[in-house]
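Overview (structure and organization)
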Amino acid sequence: HPGAWEAFIRSAHTLAGIARTTGFTPLADAAHAVENWAGAWPDKTQVLSSAVTGNLDAVIGHLATSVNGILERRFPQPMPIVDELLAGRTKTLH
């Protein structure tokens, strides 16, 4: 649903901005990558394939782990896996 996409993109944008403002650059970079990925998705009315939703679940899990780490006073680490998981989006559109 396009409205859900808008909320998802806005949430990723907000997380990226807050993380960057507070100096949590690895989290900001990963959230920004998610924002760009979602914004570039070609057809926001299309149902996502199970491969895409699986990758997206993994990405969100990495972001959540990073946020939880901050709450436990651990600085977020770079998340190259986020870029790797998002890179597969064009291969799994259906």
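Everything below is about the structure printed above this text.
Residues numbered from 1 in each chain as written. Predicted model: local features only at pLDDT ≥ 70, side-chain atom pairs only at ≥ 80, totals over all residues. Heavy atoms only, no water.

1. Describing the packing of helix 2 (residues 25-40) against helix 3 (residues 50-71)
Rules: Axes here mean lines fitted to C-alpha atoms, for a helix over just the part in contact, with angles spanning 0 to 180 degrees between N-to-C directions. Elements are defined by DSSP. Helices are runs of H or I of four residues or more, strands are runs of E of two residues or more, and each kind is numbered from the N terminus. In these notes the angle categories are as follows: under 35 degrees is roughly parallel, over 145 is roughly antiparallel, 65 to 115 is roughly perpendicular, and the rest is oblique. Left-handed describes a crossing whose near helix is turned anticlockwise from the far helix through less than a right angle; right-handed describes the clockwise counterpart. For this analysis, residues touch if any pair of their heavy atoms sits within 4.5 Å. Side-chain classes follow a simple rule in which Ala, Val, Leu, Ile, Met, Phe, Trp, Tyr, Cys and Pro form the nonpolar group, Asp, Glu, Lys and Arg form the charged group, and the remainder, Gly included, forms the polar group.
Orientation of helix 2 relative to helix 3, taken along the N-to-C sense of each, is 155°, at an axis distance of 10 Å. The angle between helix 2 and helix 3 places the two elements in the roughly antiparallel class. Between helix 2 and helix 3 lies a crossing of left-handed hand. For the pair helix 2 and helix 3, contact is made by Leu27, Ala30, Ala31, Val34 and Trp37 and by Val52, Leu56, Val59, Leu63, Ser66, Val67 and Ile70, respectively. When its residues are assigned to classes, the contact of helix 2 with helix 3 shows 11 nonpolar, one polar and no charged.

2. Brief notes about the environment of Thr14
Applicable threshold: Accessible area is worked out with a 1.4 Å probe on protein chains only. A residue is then buried under 20% of its type maximum, exposed over 50%, and partly exposed in between.
Note that Thr14 resides in helix 1 (residues 2-21). On the accessibility criterion, Thr14 (40% relative accessible area) is partly exposed. Note: C-alpha distance between Thr14 and Leu48 (34 residues apart in sequence) is 23 Å.

3. Comments concerning the environment of Thr65
Relative to the assigned elements, Thr65 resides in helix 3. The exposure class of Thr65 is exposed, given its relative accessible area of 52%. Sequence spacing of Thr65 and Pro76 is 11 residues, and the spatial spacing of their C-alpha atoms is 8.9 Å.

4. Topic: the nonpolar core
Test applied: By convention a nonpolar core is built from buried Ala, Val, Leu, Ile, Met, Phe, Trp, Tyr and Cys residues, the set being connected through side-chain atoms within 4.5 Å.
Counting residues in each nonpolar core, the largest one holds 19 residues, and the members touching the most others are Val34, Trp37, Val59, Leu63, Met79, Val82 and Leu86. Mapped by element, the contributors of at least two residues to this core are helix 1, helix 2, helix 3 and helix 4 (80-87). Among the elements that take part in this core, helix 2 stands out by supplying seven residues, more than any other. Beyond its immediate chain neighbours, meaning those up to four positions away, Val59 contacts Val34, Val82, Leu85 and Leu86.

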